[in-house]
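This is what each chain is made of:
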Amino acid sequence: MTLLKLNIYAVRNIQKESITPAPTINLIYGKNASGKSAFIEAVFILGRAKSFRTSTIKPVINFAQQSLMVTALVSQTNGSITHLGIQLDGKNFFCRINNQSTQKRSDLAYALPLQLIHPKSYELLDAGAQIRREFLDWGVFHNDPNFLSPWRNFKKALSQRNSLLKTRALEQINVWDKELVNYGTIVNNYRQHYLQKFKPVFIEIVSKFLAIDNIDLRLISGWDSVKEFHQVLNNDLEKDLRYGFTHSGPHRADFQLLFNNRLAKDFVSRGQLKLLVMSLKLAQVQLLANEHSHIGCILIDDFAAELDVINRAKLLNYLSIMGCQAFITATEIADFGDLNQIKNYKMFHVEHGIIKQM
Ligand SMILES: Nc1ncnc2c1ncn2[C@@H]1O[C@H](COP(=O)(O)OP(=O)(O)OP(=O)(O)O)[C@@H](O)[C@H]1O
Ligand SMILES: [Mg+2]
């Protein structure tokens, strides 16, 4: 997919801007506080219906306005054109896809697969498991949208079971245990299958940026994997009743990145950590491109803060060969490095929230 036209209203200091991006690389530069991250945030909101900077949408809406809106014309790989639009006022969610309204964020995510690399991205490997679970599930979902239904059913069964644990309604718990085991096992299988396909793609990409051998990615299922999930639920029942929630299951899943069987995040440098995270994100988009003709879009905020000169050149080169659409920000044109190596890029300048193509 490619964003052909993008309209942004009331996103931070961007009042009303309309741009026609390149289908390949788009370089956005401007001084501090000019609106570069606001621009990246606008595209992110269109694909994910949330900000990556704040947990609520209110601070993102321009101070003088009640709601923000981002709309786009997106060409899909089969040649069809999709009209996408999202309007957020801090409470309600209005989304339209080809003039039909939808309340499903997944519809938006499917129409516009996005990956974001920004200065806090290293948290993917450094922070708690939830962010890695979300990352993994993004990949599983885009790889096979059939994942969504068992995933939703699993969530529903989990929430029912947790309510019953609180009221100690033991006889009904058994019924929900069956659902939980059934859908939980399916969710786990999807994740396992995805990670197997993902691993070689990731290893290939990471080897371009880091000279590290013997890399492995390991799924942590969320329960003692020596045992069957139903067995673990039975064993944990007393503990689950005491605390009022389900301790084990795919809702506790995680993945580990290992070098020579050691957890990478425990000994790599901050720069290496960033490169690993970047490679993980690129690999998700690359796998999408390999498996489906459904190519995603890559957003990179603060390019220079993320990478040194050599890796910036490697990344630009990689993106230009990969052929996916990318939006990359920096404070200076020079931060993008030698632009002779890339073709068909567009350059935009941002100042006081106004975006001009150069
Ligand atoms: N809700 C809002 N309404 C209006 N302006 C806002 C709002 N939120 C933030 N701003 C302002 O928008 C401007 C652009 O912020 P942004 O984070 O996009 O800058 P930037 O170009 O990414 O800067 P840097 O290079 O420092 O990262 C800032 O001056 C910021 O204070
Ligand atoms: Mg910024």
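Residues numbered from 1 in each chain as written. Chains lettered and ligands numbered in written order. Predicted model: local features only at pLDDT ≥ 70, side-chain atom pairs only at ≥ 80, totals over all residues.

Asks: What is the right way to read the sheet that holds strand β6 (residues 93–97) from this model?
Replies: As a general point, the strands of a sheet are linked pairwise by backbone hydrogen bonds and lie either parallel or antiparallel. The 6 strands lie next to each other as β2-β1-β4-β5-β6-β7, forming an open sheet whose pairing is antiparallel. The open sheet has two free edges, formed respectively by β2 (14–19) and β7 (100–102), since each of these has just one partner strand. Strand-to-strand twist in this sheet, taken as the mean axis angle between neighbours without regard to direction, amounts to 15 degrees. Two elements, strand β1 (residues 2–11) and strand β4 (residues 68–75), share 7 bridges in a ladder whose sense is antiparallel. Residue pairing across strands places T2 opposite S75, the latter belonging to β4. Set on the sheet, helix α1 (residues 36–48) makes contact with β1, β2, β4 and β5 (81–88); between it and β1 the angle comes to about 110 degrees. (Pairing = 2+ DSSP bridges. Helix = DSSP H or I, 4+ residues; strand = E, 2+ residues; numbered from the N terminus. Axes fitted to C-alpha atoms, helices over the stretch in contact; angles between N-to-C directions. Contact = placed C-beta atoms within 7 Å.)

Asks: In this structure, what is going on with the packing of helix α6 (residues 170–209) against helix α8 (residues 270–291)? I would like to understand it.
Replies: For any two helices packed against each other, the geometry comes down to the angle between their axes and how far apart the axes lie. Contact pair α6 / α8: the axes reach a minimum separation of 8 Å and the direction vectors enclose 130 degrees. Relative to α8, α6 is oriented oblique. Like other packed secondary-structure pairs, α6 and α8 cross with a definite hand, here right-handed. Every residue of α8 that contacts α6 at K197, F198, V201, F202, I205, V206 and F209 is listed here: L275, L276, S279, L280, L282, A283, Q286, L287 and N290. When the residues that make up the contact of α6 with α8 are grouped by side-chain class, the tally is 12 nonpolar, 3 polar and 1 charged. (Parallel < 35°, antiparallel > 145°, perpendicular 65-115°, else oblique. Left-handed = near helix turned anticlockwise from the far one by under 90°. Nonpolar A, V, L, I, M, F, W, Y, C, P; charged D, E, K, R; others polar.)

Asks: How should the site of ligand 1 be read in this particular structure?
Replies: Taken together, 15 residues lie near ligand 1, and N13, N32, A33, S37 and A38 sit nearest. Class assignment for the residues of the shell around ligand 1 results in 5 nonpolar, 8 polar and 2 charged. (Near = placed C-beta within 6 Å.)

Asks: Even after reading the chapter, I still don't get the packing of α6 against helix α7 (residues 229–243), so can you show me in this structure?
Replies: α7 packs onto α6 with a crossing angle of 140 degrees between their chain directions and a minimal axis gap of 9 Å. Looking at the two axes, α6 sits oblique to α7. Crossing angle aside, the handedness with which α6 passes α7 is right-handed. Residues D177, L180, V181, G184 and T185 of α6 pack against F229, H230 and L233 of α7. In terms of residue class, the contact of α6 with α7 is built from 4 nonpolar, 3 polar and 1 charged.

Asks: Sorry, what's going on with the environment of Q256 here?
Replies: For Q256, the position within the fold is in strand β10 (residues 254–259). C-alpha separation for the pair Q256 and L217, spaced 39 residues apart in sequence, amounts to 5.6 Å. Those residues within four positions of Q256 in sequence are excluded, and the remaining contacts are R218, I220 and L263.

Asks: Please clarify how the environment of Y29 should be interpreted in this entry.
Replies: The residue Y29 is located in strand β3 (residues 25–29) in this model. Separated by 103 residues in the primary sequence, Y29 and R132 have C-alpha atoms spaced 30 Å apart. Leaving out residues up to four positions away in the same chain, Y29 has contacts with T329, A330, T331, E332, I333 and H349.

Asks: Sorry if this is basic, but what is going on with the domain arrangement of the protein chain here?
Replies: A common way to state how big an interface is: give the accessible area lost once the parts meet. Domain annotation of the protein chain identifies domain 1 (1–113 + 294–358) and domain 2 (119–283). Using C-alpha coordinates to define each centre, domain 1 is positioned 29 Å away from domain 2. Across the boundary between the two partners, domain 1 contributes 9 residues, which contact 8 residues of domain 2. Within the residue set of the side of domain 1 that touches domain 2, elements represented by two or more residues are α2 (105–111), α9 (303–306) and α10 (309–322). In the side of domain 1 that touches domain 2, the residues fall into 4 nonpolar, 2 polar and 3 charged. (Domains from an automatic or database assignment.)

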